[in-house]
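Here is how the chains run, residue by residue.
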Amino acid sequence: MIINQWVPAAHRGDAIGDSARRMRAMLRRQGHQSDIFALTIDDDLRSDVRAFADPESKRGDITIFHFALPSPMTEAFRQVDGVRVLQYHNITPAHFFAPYSAALFRLAALGRQELATLVGHVHLALGDSEFNRQELEAMGFAPTGVLPIAVDTSRITSAPRRPALEKILGDGLINILFVGRIVPNKRIDDHIRLAEVYKRYVDNYYRFIFVGRYDGVPAYYAQVRALVAEYRMLPDRFWFTGPVPDEDLAAFYRWADAYVSLSEHEGFCVPLVEAMAADVPVLAYAAGAVPETLGGAGVLFAPKDLEVAAEMLGMLVYDRPLRSRVLEGQRRRLEDFSPDRIEAQLMATLSGLRLR
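Calculation rules
- Residues numbered from 1 in each chain as written.
- Predicted model: local features only at pLDDT ≥ 70, side-chain atom pairs only at ≥ 80, totals over all residues.
- Heavy atoms only, no water.
- Pairing = 2+ DSSP bridges.
- Helix = DSSP H or I, 4+ residues; strand = E, 2+ residues; numbered from the N terminus.
- Axes fitted to C-alpha atoms, helices over the stretch in contact; angles between N-to-C directions.
- Contact = heavy atoms within 4.5 Å.
- Buried < 20%, exposed > 50% of the residue type's maximum accessible area, 1.4 Å probe, protein only.
- Right-handed = clockwise from strand over helix to strand, strands pointing away.
- Polar contact = N/O pair within 3.5 Å; in protein donor to acceptor, adjacent residues only side chain to side chain.
- Left-handed = near helix turned anticlockwise from the far one by under 90°.
- Nonpolar A, V, L, I, M, F, W, Y, C, P; charged D, E, K, R; others polar.

Draft legend 1. Structural view of the sheet that holds strand β11 (residues 258–261). Pairing within the open sheet is parallel, and its six strands lie in the order β10-β9-β8-β11-β12-β13. Two strands bound the open sheet, and with one partner strand each, they are β10 (238–242) and β13 (299–301). Averaged over all pairs of adjacent strands, the angle between strand axes in this sheet comes to 20°, irrespective of strand direction. Where strand β8 (residues 174–179) meets strand β9 (residues 206–211), six bridges bridge the pair, whose relative direction is parallel. By the bridge assignment for β9, F178 is matched with F210. Across the sheet, helix α9 (residues 246–254) is in contact with β8, β9, β10 and β11; its angle to β8 comes to roughly 130°.

So, in structure tokens, the structure goes:
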């Protein structure tokens, strides 16, 4: 059977593209012919991902379309022959971008409008979380299901050491990590407010590290940096690294004392799985798909009371029995994202399709 996957853009390190490549490997292991097709492809992936213009992209018995932004693929997917499977990775609601970027506000709004044009034109609509599946169902998609992202945790657990970076990270400060884009829905401004409360009531020996692009919404990033200045906090206690290679990312996880998520909208949140794989205790605001991805592991809190969060963070760092219990729970939860379980779920989904 030919099972193709479509992704609008193929970038190394992108959670959707990485998951698609892992799914392709699973499909090939099961004896299927499987390729990935993309509109734009990074230079270092041109030998691994095929151009969408290739006629073979339209000749799959099953076509899986990974949707996360508007693109010309959407209209083509409506009309492609064979079985059409939508894999929805969520679109950040447009209102988060309204104060900062008219272009991103418009892009997010168009994305949801474009997604709606696929209602009634797919044989199965999958969310990578129950949170996303419910959104699809509310839009009118049927039938729906859940297929989690296939997270490659080996890039964290098997990466080579980075001695120079790790020497800096091991200087005695408490490293509090966040991984992801610096965008409004992630509420990085609340991380700065949390740092102020943490410094005031818990501990002066802290460092907040933000690994991920910060050039996507410049006005928001400027607001975050201005907040550091407003609180008169030491700028060197806040690292904004931009994108980093896997070896550096693994080092940041390896030396993190805690992982913190204060995001107010997540469709899945891959870094939570990576943090669990790196044995880093997670403190997270319970919003979007975050509680589902953690699955009872980590430490969740709601409402968003940053004084309570600061106290919890201090306990995760310094209360060793509590920390051990949290890590044990995270290790158990991580088993649900093992390659074998994801592959079994993928194959069960496709088996159901073949019976239609």
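Draft legend 2. Seen up close, the pairing of strand β4 (residues 62–67). Among the six residues of β4, six are classified as buried, and the element is accordingly described as predominantly covered. Here β4 shows two buried faces, one formed by I62, I64 and H66 and the other by T63, F65 and F67. The pairing of β4 with strand β5 (residues 83–88) spans six bridges and is classified as parallel. Looking at the pairing, I64 lines up with V85 of β5. Chirality of the crossover, the property in question, places the unit of β4, helix α2 (residues 73–79) and β5 among those that are right-handed.

Draft legend 3. Representation of unusual backbone geometry within the structure. A cis amide bond links A142 to the next residue, P143, at an omega of -10°. Secondary-structure assignment places P143 in the loop between α4 (130–139) and β7 (144–146). Cis geometry marks the peptide bond from A302 to P303; its omega dihedral reads 0°. Mapped onto the secondary structure, P303 falls in the loop between β13 and α12 (306–318). Of note, R187 is a non-glycine position whose phi angle comes to about 55°, a positive value. Mapped onto the secondary structure, R187 falls in the loop between β8 and α7 (188–201).

Draft legend 4. Region of the structure containing the side chain of S129. Its location among the elements puts S129 in the loop between β6 (124–127) and α4. With relative accessibility at 1%, the residue S129 sits in the buried group. From its side chain, S129 meets the backbone oxygen of G267 in a polar contact 2.6 Å long. Among all residues touching S129, those that are not within four sequence positions of it are V146, G267, A289 and E292.

Draft legend 5. Quick look at the packing of helix α3 (residues 102–116) against α4. Running from N to C, α3 and α4 point in directions that differ by 65°, and their axes come no closer than 10 Å. When you trace α3 past α4, the crossing you get is right-handed. Judged by residue contacts, R112, L115 and A116 of α3 engage E135, L136 and M139 from α4. Taken together, the residues of the contact of α3 with α4 break down into four nonpolar, no polar and two charged.

Draft legend 6. Highlighting the sheet that holds strand β2 (residues 36–41). Read from one edge of the open sheet, seven strands run β3-β2-β1-β4-β5-β6-β7, paired in parallel fashion. Both outer strands of the open sheet, β3 (50–51) and β7, are each paired with one neighbouring strand and no more. The pairing of β5 with β6 spans four bridges and is classified as parallel. Residue Q87 lies in a different strand from β6, and its bridge partner there is L126. Docked against the sheet, helix α1 (residues 15–29) engages β1 (3–10), β2 and β4, running at close to 160° with respect to β1.

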